[in-house]
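In case you want the letters, here they are:
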Amino acid sequence: MNSHSLSFILLLVVVACNFSLYGCQSIDTPDNEEIYDAGKIDQHLEADVTFTEKYRPQFHYTPRINWMNDPNGLVFYDGEFHLFHQYNPFGNQWGFMSWNHAVSTDLVHWEHKPVAIAYGKEEKEGIFSGSAVVDHSNTSGFGDIETPPIVAVYTSAFEGDRPNQAQSLAYSTDGGETFIKYKENPVLDHNDPDFRDPNVMWDDQREEWVMVVALPTQHKVAFYSSPNLIDWEFLSEFGPAGAVDGIWECPDLFQLPVDGDPGNMKWVLHVDMNPGAVAGGSGSQYFVGDWNGESFTEEKSTSNDEILWTDYGTDFYAAISWSNVPKEDGRRLWVGWMNNWDYANQIPTSPWRSAMSVPRSVELKSTGDQLRLVQQPVDELKSLRKDHVQLQNVSVVNGEVKSLSDQNISGKAYEIEVEIDPADADVVGLMLRAGEEEYTLVGYDAVKGTTYVDRTQSGESGFSDLFEGRYDAPTRLENGVVKLHLLVDWSSVEVFVGDGEAVLTNRIFPDPQSRDIRLFAE
Ligand code: FRU
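One structure accompanies this document, and this report is about it. Keep in mind that what you see is a predicted model, and the values were worked out from it rather than measured.

### Notes on the environment of Val 493
Piece 1. Residue placement: Val 493 occurs in strand 32 (residues 492–497).
Piece 2. For Val 493, a relative accessible area of 0% puts it in the buried group.
Piece 3. Sequence spacing of Val 493 and Pro 149 is 344 residues, and the spatial spacing of their C-alpha atoms is 38 Å.
Piece 4. With residues up to four places along the chain from it excluded, the contact list for Val 493 reads Leu 432, Thr 440, Val 442, Leu 487, Leu 504, Thr 505, Asn 506 and Ile 508.

Now the structure itself:
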């Protein structure tokens, strides 16, 4: 008889839902009849939102109502993390793109704020994705040095007969409460229907602003510089490179120490791609290299041509990192959209649609001959931990499925840290959110050398043919053991492999009664 030993630590998280709710949005209902005809006006606008609706994530950010996509304008200012995001103020499907807003002091509890930058009704201007910076030296002239302005740099997506995407500014002089669109918008325009998602940073060394922006259909990003956020000069382009099966969107460029050594800094260029990513549909990749003030050069080990995927699951897209995080903190922090364009508009949630991943810290580690991004859920999430159970040396025999319910271990939202010794099993792991006929598998596949998430039996999936599947991330055992950190919520599973060198993020829609946790080996 083959037995497999698992040392198993389960931390059950009981989450307090501390949202303060805003009953109305600061935006006019559109007067366009077509919108009503298309059924896009959300019937639940006045609904009594409870945050306990079926599938409502409990420790992931969701808007109170309506459609959400990419995180936008992530910026830290005066003790608060700002989270703006793509938002349809009028319905639960993509449309009327605006920037919605939330703030947090701890990255865990979010306070919902009114829409910050609204769809332009007159000019049919969608407020597409972008970034926000604190203009400490008031280079833009939008504020003053004592209260530096927050400047949002976004894409104006002009709809109409000749669609055009150009980069625009909006600024806040009241700490992000309200934004004013710059009257000379757009600030960067060359009449291109596919030119979007500007991400701006201050280049300390050269004392200038640098923008990286996507040229989606060309599988490229372009770099620009500016002294004042208003006048932009073209620098260079990067791409096509890496994965090019889909369009490129939402770039980010930032510097990180290698293995925490401030004497060895490298640059990371992060780019999203849709479709054709590793788990199908939309996903993200990154390049590691150098930025010399004019161009980005990828540094690759000659032996390795692989694509560096940010996440091996289906549901992590458009991540961008927070700007202006205090130096004393020192972390590079980001959050991604926990959805996939393959089925984003169909996922079965109402009166809101989409969630963000948990905020994660991002580091660069040398593993083998390659530098890799390593992600971890932010430490602040530990404040949600309440009860915990620790199991050690649990053995599972090949072919056995062991439920933990007889030890009173089950749940809908929890965290698990587990170390698995696969011994001679081909596959070993956990069944999560398991019920009579459904479960989500998270396991180690010793034959393939991967950690995988299988959501082919995970619950509701009929809303899209593209939803069911199994997703694998390359995994190396350490001392014969695989270490996993799982974050399970009412409709998602995030798996951090090892020290976070691979991550799998997936939405699932299990019955609320499916709470069993089982161990299995084959
Ligand atoms: C990415 C994206 C961006 C665009 C935004 C529009 O998900 O397509 O490229 O700015 O969504 O909502």
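### Comments concerning the site of the ligand
Piece 1. The local shell around the ligand holds 13 residues, among which Asp 70, Gln 86, Arg 196, Asp 197 and Glu 249 are the closest.
Piece 2. Asn 69 places a side-chain nitrogen or oxygen 3.0 Å from an oxygen atom of the ligand.
Piece 3. Taking 310 Å² as the accessible area of the ligand by itself, protein coverage stands at 95%.
Piece 4. Broken down by secondary-structure element, the contributors of at least two residues to the shell around the ligand are strand 2 (66–77), strand 6 (125–134), strand 11 (196–203) and strand 15 (247–258).
Piece 5. Classifying every residue of the shell around the ligand gives six nonpolar, three polar and four charged.

### Things to note about the environment of Leu 215
Piece 1. Relative to the assigned elements, Leu 215 resides in strand 12 (residues 208–215).
Piece 2. Taking C-alpha positions, Leu 215 is 14 Å from Ala 157, a pair spaced 58 residues apart along the chain.
Piece 3. Apart from residues lying up to four places away in sequence, Leu 215 is in contact with Asp 192, Asp 194, Phe 195, Lys 220, Val 221, Ala 222 and Glu 237.

### Details of the pairing of strand 4 (residues 98–104)
Piece 1. With seven of seven residues buried, strand 4 is to be regarded as a mostly interior element.
Piece 2. Neither face of strand 4 is left uncovered, since the one carrying Ser 98, Asn 100, Ala 102 and Ser 104 and the one carrying Trp 99, His 101 and Val 103 both have all their residues buried.
Piece 3. Inspection of the sheet shows strand 4 paired to strand 5 (residues 111–117) by four bridges, in the antiparallel sense. Counted as the bridge partner of Trp 99 is Ile 117 from strand 5.
Piece 4. Linking strand 4 to strand 5, which pair antiparallel, is a turn of six residues; within it Leu 107 sits at a positive phi near 65°.

### Focus: the sheet that holds strand 13 (residues 220–226)
Piece 1. Spatial ordering of the open sheet is given by 11-12-13-14, a layout of four strands whose pairing is antiparallel. The strands lining the two open edges of the sheet, one partner per strand, are strand 11 and strand 14 (233–238). Across the sheet, the mean angle separating the axes of adjacent strands is 25° when strand polarity is ignored.
Piece 2. Pairing between strand 12 and strand 13: seven bridges, direction antiparallel. Across the sheet, the residue bridging to Trp 209 is Ser 226, located in strand 13.

The rules behind the values
- Every chain is numbered on its own, with residues counted from 1 as its sequence reads.
- Selection of residues for local features in this predicted model requires a pLDDT of at least 70, selection of side-chain atom pairs for listing and counting requires 80 or more, and totals for whole chains, interfaces and linings are taken over all residues.
- Heavy atoms throughout the structure, all of them, feed into the side-chain values; hydrogens and water do not.
- By the criteria applied, helices consist of DSSP H or I runs no shorter than four residues and strands consist of E runs no shorter than two, each listed in order from the N terminus.
- Throughout this description, buried means an accessible area under 20% of the type-specific maximum (1.4 Å probe, protein chains only), exposed means over 50%, and partly exposed covers the range between.
- In this description, contact between two residues means that some pair of their heavy atoms is separated by no more than 4.5 Å.
- Definition of nearness: a residue and a molecule or strand are near each other if at least one heavy atom of the residue lies within 4 Å of the molecule or strand.
- Polar contacts, as counted here, are pairs of nitrogen or oxygen atoms within 3.5 Å of one another; within protein the pair requires one atom able to donate a hydrogen and one able to accept it, and residues that are adjacent in sequence qualify only if both atoms are side-chain atoms.
- In this description, accessible areas are obtained by the Shrake-Rupley approach with a 1.4 Å probe, and a residue is regarded as covered only by the protein chains that are shown.
- Amino acids outside the nonpolar list (Ala, Val, Leu, Ile, Met, Phe, Trp, Tyr, Cys, Pro) and the charged list (Asp, Glu, Lys, Arg) are all regarded as polar, and Gly is one of them.
- For two strands to pair, DSSP has to find at least two bridges joining them.
- A fitted line through C-alpha atoms represents every axis, and for helices the fit uses only the stretch in contact; the resulting angles, taken between N-to-C directions, go from 0 to 180 degrees.

Any link to function would need more than the numbers given here.
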